[in-house]
Amino acid sequence: MKVAVITFPGSNCDYDCYQALKTLGGFEPEFRWHRDEKLGDVDAVLLPGGFSYGDYLRSGAIARFSPIMEAVVEFARAGGPVAGICNGFQILCESGLLPGALLPNESLLFRSYDVHIRVETVRTPFTSAYERHQVLRIPIAHGDGNFHADDETLAELEGDDRIVFRYVDADGSLTPEANPNGSAHHIAGIVNASRNVLGMMPHPERAVEPVLGSTDGAGLFTSLRRHLEGAMA
Amino acid sequence: MTDPTTSPSPVTTDGGAVIPRPRPGDPEITAEVVEAHGLSAEEYERVLGILSRTPTFTELGIFSAMWSEHCGYKNSKRLLMLLPTEAPWVIQGPGENAGVIDVGDGLALAFKIESHNHPSAVEPYQGAATGVGGILRDIFTMGARPIAVLDSLRFGDLDSGRNRYLFAGVVKGVGDYGNCVGIPNIGGEVFFDRAYDGNPLVNAMALGLMKREDLIKGEASGVGNPIMAVGARTGRDGIHGATFASEELSEDSDESSRPQVQVGDPFTEKLLLEASLELIRSGHIVGIQDMGAAGVTSSASEMAGRAGSGVELEMADVPVREEGMTPYEILLSESQERMLVAAKAGREDEVRKILAKWELEAEVIGAVTDDGYFRILEDGEVVANIPALPLTDGCPTYEREGIEGEDVKEARRRDLSPVLEPEGDLTEPFMRLMGSPNVASKRWIYDQYDTTVRTSTVVRPGSDAGVVRLRGTRRAIAATTDCNGRFCWLNPREGAKAAVAEAARNLVCSGALPTAITNNLNFGNPLKPHIYHQLREAVLGMAEACSLFETPVTGGNVSLFNETDGKAIYPTPVVGMVGILDDVDHATRAAFQVEGDSIILLGETSEEIGGSEYLYREHGEVAGEAPSVDLLAERRLQHAVLGMIQKGHIRSAHDCSEGGLAAALAESAVSGERALGVDVQLHARIAPVALFFGESTGRVILSCSADEESRVLEIARSHGVPAQLIGRVGGTASPFSIRAPRGSIEIPVETLRERYFGTLPELMAQTAAEEVR
């Protein structure tokens, strides 16, 4: 299964995503450069974390204009699975593939530590290997992760089962302390209406091996593999 | 090697014959102008001797920068030569951009520490950010990909708003830069004491990994090879930063020195990192060097000096971002994110192509010559012409008189016996100690640092040392920074030994064999005899300890003149040490792991309280004798602990440092995933204040399963290490309880946990985020 990992100038989790795919097996990850105009023959796309173009204007605001993003949008509109992690989530919001925006964290400080997130829906190509309401421990590392959307959009996300992950405490409860950045409705990840485009702030690629302290992120990739296998069969 | 006859660039062979012209508008070279450039009369005499004529204004600026303490090490070089620098595993010792050691499997580790103290005192955010940027460039110019950073910080006490502002700004600067480039922060230290009022210390350390064969040096060899400026353009920021860093600060420094502080751009750094590594692997270049302190001047002259060649540079060809910059300004600008590259002749376009891929520029600004001169042209006219070797290596070095300061002598003699009188329930002073920012958790800091990017961090900040695995091998690297400035003030020789010993102990407690160090010598004005005394004694102590632990010094940085209005910081010789874990599974943490485990104390607790955090917090004093350091006992201890870890006998290991035994037990109790109580009974009949809070060196707290208890005690005995079973790890609902013959501490572990993690956030909540930018 070929997965394109997009590298923008300033991406710094591209190699980590590539390694996670290699480590978990069953994937052939390939890098795509921001100036590439075509994705080529790939089965899924990963937009990694980092600071694309320095993110000096607004996170993801410049990346959406890069040539490769046209191809990514086209791929997503055709139903191809696309996951954006951290900066990748921000880019997906900026490019209109996902609703809402990621504002600076409420604390105005960069936040980097393990959070607990609850799997809210398993009806996506990225979460089918998890149990509904399973609690995962996964690192975050971001300055702009405060998910914001208007009430109508939030109601739609809630009503259509499109909230994929929420920040919770270790027991799975929605306590205020468990929300690291002030996100509306504790949102850590969402999908688009067609359910093939995922954006999430936590870093599943950093939780795929015991030596890293958690393997809870592996399910995201095994779900994707299962989904692609199903699509090919 | 290029044949000079086919070289595309002009090669002057009789370099010395060229007399540079003064530029129109250049100030006349008077005694005042010389003095303003930080050169003594004697040093100026030497300049005249080297040139056999009066220097031009441009040349004077060049000498000023190169012969500043920052670049020339004139007050420290003779002492630095006393440090051990060699071992079979050292690939590159001092003198290059970074030291390099062999870590097995064909891999090499580049690492170095560097200070950005003066800029951070004036502009904490940019000062700290560019400190991280500079040290990362030192690593990737060696051909290594950065894999981790650490930061060693010192500030005045946090009851001052100014100090909170500096602290918050520095932490944000360190974080933003490293986070953006994508290098995990795996540890470091911070210490607060009034001695650092107005003079914060910001020392950044970086580690990088490479294949042995990818090692490249900062050499400009091959006559006719083009010299290229790579990366960001040159602006007017940071002019004379190196000279500024070699002066004392005054109240006026804040405003007047801002232009000497550089501005960082981590995004460009990230591009420069990728481009440089690609360039090095491409085989198109012969040498590369960061344009750090003293910019083009130091990088070009050092590259020529190392290769024994010369360079000729045309200032009109340097890409600048401001109109009308003079050669003087271009030569001394410390604009960030720039590199100087010696390319192979004829490969200029390939170099440009690689840089362009990463949206960066590369321009030919000169060529390697064979005449040994550092020659600067402006539109073809020579404006500076200096022999390169005397410029880089001819800086006069001084050995000065050193005398111990009277204030220290008096502080050492202070009678501390009343301090040791309290007995009985010492829970209250203990809790105050746990609320000291020197003891409390530093999580407020490292929650702002990306610690897990690169998916190789095994032990994150908050334990004794950070650990990163080496992907594709069983091995891992551990790193730590350590120095107790109070100990060093009271006794610089013992204090420096203690710093090396503590660093090694931290690595061992994490499962690593200590391998080598980089050092950052932060001191006051060495022209004062009591400061020179501190410097000499500290270097001697460090040399002795490094020799014994077989941890050679592979490089580092000297930061002198850390004084404000005549008041010096504590002597602070920071030790950045790296170690190797043969197996990543040996990585061990400070936190207790399992209820019911046995707690074992290794090492000797003496009745000493001198220089302790307890003395400072409870009595406002820094006095008494610094704890003594028995290096041989320390080495036995470390061998024993490493053996226990490698054989899988123990579940946690933690060294005792600030706050003493009680604080160390508390840290092990509350820093795990769940806070666990402890039930400890101590038998030593010494004063409980010393027993609980004294900072005797050479002690480690272990935990192991009850089954392993006798084996652990036996291993300790066989190494000649004092060891005693002192208690058991409790559950999440158990109290934190320590009893001794004459005193006790008892507190619910949850209360202790809140104090430990709550202190810094509470203190810093007073600093509004907008103050920080």
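All figures in this text were calculated on a predicted structure; none of them were measured in a lab.

Attention now moves to the overall build of chain B. From N to C terminus, chain B includes 28 helices and 29 strands. At 27 Å, chain B has a C-alpha radius of gyration in line with the 28 Å of a compact globule built from 773 residues. Across its three principal axes, chain B shows a C-alpha extent of roughly 80 × 55 × 50 Å. Every one of the 773 residues in chain B was classed for burial, and the buried ones make up 67%. Sequence separation of at least 24 residues holds for 86% of the intrachain contacts in chain B that already meet a minimum separation of 6. Total accessible area computed for chain B in this model is approximately 25000 Å², and 48% of it derives from carbon and sulfur atoms. Charge separation in chain B, taken as the distance between the mean sites of 70 positive and 113 negative side-chain charges, equals 5 Å.

The next thing to look at is the packing of helix α1 (residues 14-24) of chain A against helix α5 (residues 218-232) of chain A. Two packed helices can be described by the angle between their axes and the distance between those axes. Residue and element names in this part refer to chain A. Viewed as axis vectors pointing N to C, α1 and α5 meet at an angle of 70°, and their least axial separation amounts to 10 Å. Classed by the angle they form, the pair α1 and α5 counts as roughly perpendicular. Relative to α5, the crossing made by α1 is right-handed. Contacts from A20, L21 and L24 of α1 reach α5 at A218, F221 and R225. Of the residues that constitute the contact of α1 with α5, the class distribution is five nonpolar, no polar and one charged.

The next subject is helix α17 (residues 427-434) of chain B. Burial within α17(B) is extensive, with six of its eight residues counted as buried. Residues of α17(B) that are buried include every one of B:T427, B:P429, B:F430, B:M431, B:L433 and B:M434, and no others.

Positioned with a positive phi, A:Y53 is a non-glycine residue whose angle comes to about 55°. Its place among the elements puts A:Y53 in the loop between β3 (44-47) and α2 (67-77). Classification of A:Y53 as buried rests on a relative accessible area of 18%. Positive phi is not limited to glycine here, since B:D565 has a value of about 50°. Taking the relative accessible area as the measure of exposure, B:D565 reaches 48% and is therefore partly exposed.

All names here are of chain B. Here the structure, examined in full by the defined rule, presents 62 salt bridges over all chains. Measuring nitrogen to oxygen at the nearest pair gives 2.8 Å for the salt bridge that ties E312 to R375. Of this pair, E312 sits in strand β9 (residues 310-314) while R375 is found in strand β12 (residues 373-378), placing the two residues 63 residues apart along the sequence. A salt bridge links R412 to E404; the shortest N-O distance between them is 3.6 Å. Looking at R412, the relative accessible area reads 23%, which means it is partly exposed. One salt-bridge network, held together by shared partners, links D157, D193, R486, E613 and R617.

So, on to the sheet that holds strand β2 (residues 28-33) of chain A. Adjacent strands of a sheet form backbone hydrogen bonds with each other and so pair up, either parallel or antiparallel. All names here are of chain A. Read from one edge of the open sheet, nine strands run β2-β1-β3-β4-β11-β10-β9-β6-β7, paired in mixed fashion. Each edge of the sheet is formed by a strand with only one pairing partner; in this case those strands are β2 and β7 (135-142). Strand-to-strand, the axes of this sheet are offset by a mean angle of 25°, without reference to chain direction. Relative to strand β4 (residues 82-85), β3 runs parallel, the two sharing three bridges. Its bridge partner lying in β4, V45 is registered against V82. Strands in contact with α2 are β1 (2-7), β2, β3, β4 and β11 (197-200); relative to β3, the strand with the most contacts, it is inclined by about 130°. Each of β9 (163-168) and β10 (187-191) touches helix α4 (residues 151-159); the most contacted strand, β10, lies at about 75° to it.

So, about the confidence of the model for chain B. All names here are of chain B. Averaged over all residues, the pLDDT of chain B is 92; the fraction at 70 or higher stands at 94%. Confidence drops under pLDDT 50 across residues 1-12; counting only partners more than four residues distant or on other chains, this segment forms 19 contacts. Taken together, the stretch residues 768-773 has pLDDT below 50 and engages in 10 contacts with residues farther than four places along the chain or on a different chain.

So, about the sheet that holds strand β8 (residues 285-290) of chain B. Residue and element names in this part refer to chain B. Across the sheet, seven strands lie side by side as β8-β10-β7-β11-β9-β12-β13; this open sheet has mixed pairing. Every interior strand has two partners, whereas the edge strands, β8 and β13 (381-387), have only one. With strand direction ignored, the average angle separating the axes of adjacent strands in the sheet is 25°. Of the pairings in the sheet, the one linking β9 to β12 comprises four bridges and is parallel in character. Note on β12: the bridge partner recorded for E314 is L377. The strands touched by helix α14 (residues 348-357) within the sheet are β7 (226-231), β8, β10 (338-343) and β11 (361-369), with β11 carrying the most contacts at an inclination of about 145°.

All right, on to the interface of chain B and chain A then. A common way to state how big an interface is: give the accessible area lost once the parts meet. Taken together, the contact pairs 34 residues of chain B with 31 residues of chain A. Contact with chain A buries surface across chain B, with B:F267, B:D447 and B:T455 losing the most and accounting together for 21% of the total. Across the chain B-chain A interface, the total number found is four salt bridges. Viewed at the interface, chain A and chain B are joined by 15 residue pairs in polar contact (both at pLDDT 80 or more). When residues of the side of chain B that touches chain A are traced back to their parent elements, those giving at least two are α8 (161-181), α11 (266-282), α14, α18 (443-446) and β15 (457-459) of chain B.

This part is about helix α3 (residues 87-94) of chain A. Counted residue by residue, α3(A) has eight buried out of eight residues, so it is predominantly covered. Positive phi appears at A:G96, one or two residues downstream of α3(A), with a value of about 85°.

We now examine the pairing of strand β28 (residues 735-740) of chain B. Residues and elements named next belong to chain B. Relative to β28, strand β25 (residues 678-681) runs parallel, the two being bridged by four bridges. Each residue of the ladder has a partner; that of D679, found in β28, is S737. Where β28 and strand β29 (residues 743-748) come together, six bridges link them in antiparallel fashion. Along β29, the bridge assignment pairs P735 with P748. What sits between β28 and β29 in their antiparallel hairpin is a turn of two residues.

Moving on, we get to the nonpolar core. Counting 130 residues, the largest nonpolar core has A:L39, A:V45, A:F165 and B:F167 as the members making the most contacts within it. Among the nonpolar cores identified, the runner-up in size contains 129 residues, and B:I147, B:M205, B:F561 and B:I569 belong to it.

All names here are of chain B. Running from N to C, helix α20 (residues 492-509) and helix α21 (residues 529-549) point in directions that differ by 40°, and their axes come no closer than 7 Å. When the axes of α20 and α21 are compared, the crossing they make is right-handed. From α20, P492, R493, A496, K497, V500 and A501 reach across to α21, where they touch H533, Q534, E537, A538, L540, G541, M542, E544, A545, C546 and F549. Looking at the contact of α20 with α21 residue by residue, the classes come out as 10 nonpolar, three polar and four charged.

Our next topic: the environment of B:A501. The topology assignment puts B:A501 in helix α20. For B:A501, a relative accessible area of 0% translates into the label buried.

Counted under the stated rule, the structure contains 18 aromatic pairs over all chains. Ring plane angle 15° and centroid distance 4.7 Å describe the contact between A:Y18 and A:F31, whose orientation is recorded as stacked. Of this pair, A:Y18 sits in helix α1 while A:F31 sits in strand β2, placing them 13 residues apart in sequence. Residue A:F31 is classed as partly exposed on the basis of its relative accessible area of 35%. When the ring of B:F167 is compared with that of B:W444, the centres are 5.2 Å apart and the planes differ by 40°; the resulting orientation is tilted. Taken together, the positions of B:F167 in helix α8 and B:W444 in helix α18 put the pair 277 residues apart, joining distant regions of the chain. A relative accessible area of 14% means that B:W444 is categorised as buried. The structure contains a cluster of three or more aromatic residues connected by ring pairs, namely B:F155, B:F167, B:F192 and B:W444. Across the ring face of A:W33, the terminal group of B:K357 is positioned such that the distance to the ring centre comes to 5.6 Å. A cation over an aromatic ring shows up here: B:R486 above the ring of B:Y616, its NZ or CZ 4.1 Å from the ring centre.

Residue and element names in this part refer to chain B. Counted residue by residue, strand β6 (residues 201-211) has 10 buried out of 11 residues, so it is predominantly covered. In this sheet, β6 lies alongside strand β3 (residues 107-115) in antiparallel orientation, the contact comprising nine bridges. Looking across to β6, one finds that F111 is bridged to L207. Two strands pair when backbone bridges link them, and strand β4 (residues 145-155) and β6 are joined in this way by nine bridges, in the antiparallel orientation. Residue pairing across strands places A148 opposite L207, the latter belonging to β6.

Definitions and cut-offs
- Residues numbered from 1 in each chain as written.
- Chains lettered and ligands numbered in written order.
- Predicted model: local features only at pLDDT ≥ 70, side-chain atom pairs only at ≥ 80, totals over all residues.
- Heavy atoms only, no water.
- Helix = DSSP H or I, 4+ residues; strand = E, 2+ residues; numbered from the N terminus.
- Rg over C-alpha atoms; globule rule 2.2 N^0.38 Å.
- Buried < 20%, exposed > 50% of the residue type's maximum accessible area, 1.4 Å probe, protein only.
- Contact = heavy atoms within 4.5 Å.
- Areas by Shrake-Rupley, 256 points an atom, 1.4 Å probe, with all protein chains shown as cover.
- Lys, Arg positive; Asp, Glu negative; His and termini not counted.
- Charge placed at Lys NZ, Arg CZ, Asp CG, Glu CD.
- Axes fitted to C-alpha atoms, helices over the stretch in contact; angles between N-to-C directions.
- Parallel < 35°, antiparallel > 145°, perpendicular 65-115°, else oblique.
- Left-handed = near helix turned anticlockwise from the far one by under 90°.
- Nonpolar A, V, L, I, M, F, W, Y, C, P; charged D, E, K, R; others polar.
- Salt bridge = Lys/Arg side-chain N within 4 Å of Asp/Glu carboxyl O.
- Pairing = 2+ DSSP bridges.
- pLDDT = per-residue confidence, 0-100.
- Buried area = accessible area lost by both parts, 1.4 Å probe.
- Polar contact = N/O pair within 3.5 Å; in protein donor to acceptor, adjacent residues only side chain to side chain.
- Core = buried A, V, L, I, M, F, W, Y, C linked by side-chain atoms within 4.5 Å.
- Phe/Tyr/Trp six-rings, centres within 6.5 Å; stacked < 30°, edge-to-face > 60°.
- Lys NZ or Arg CZ within 6 Å of the ring centre and 35° of its normal.

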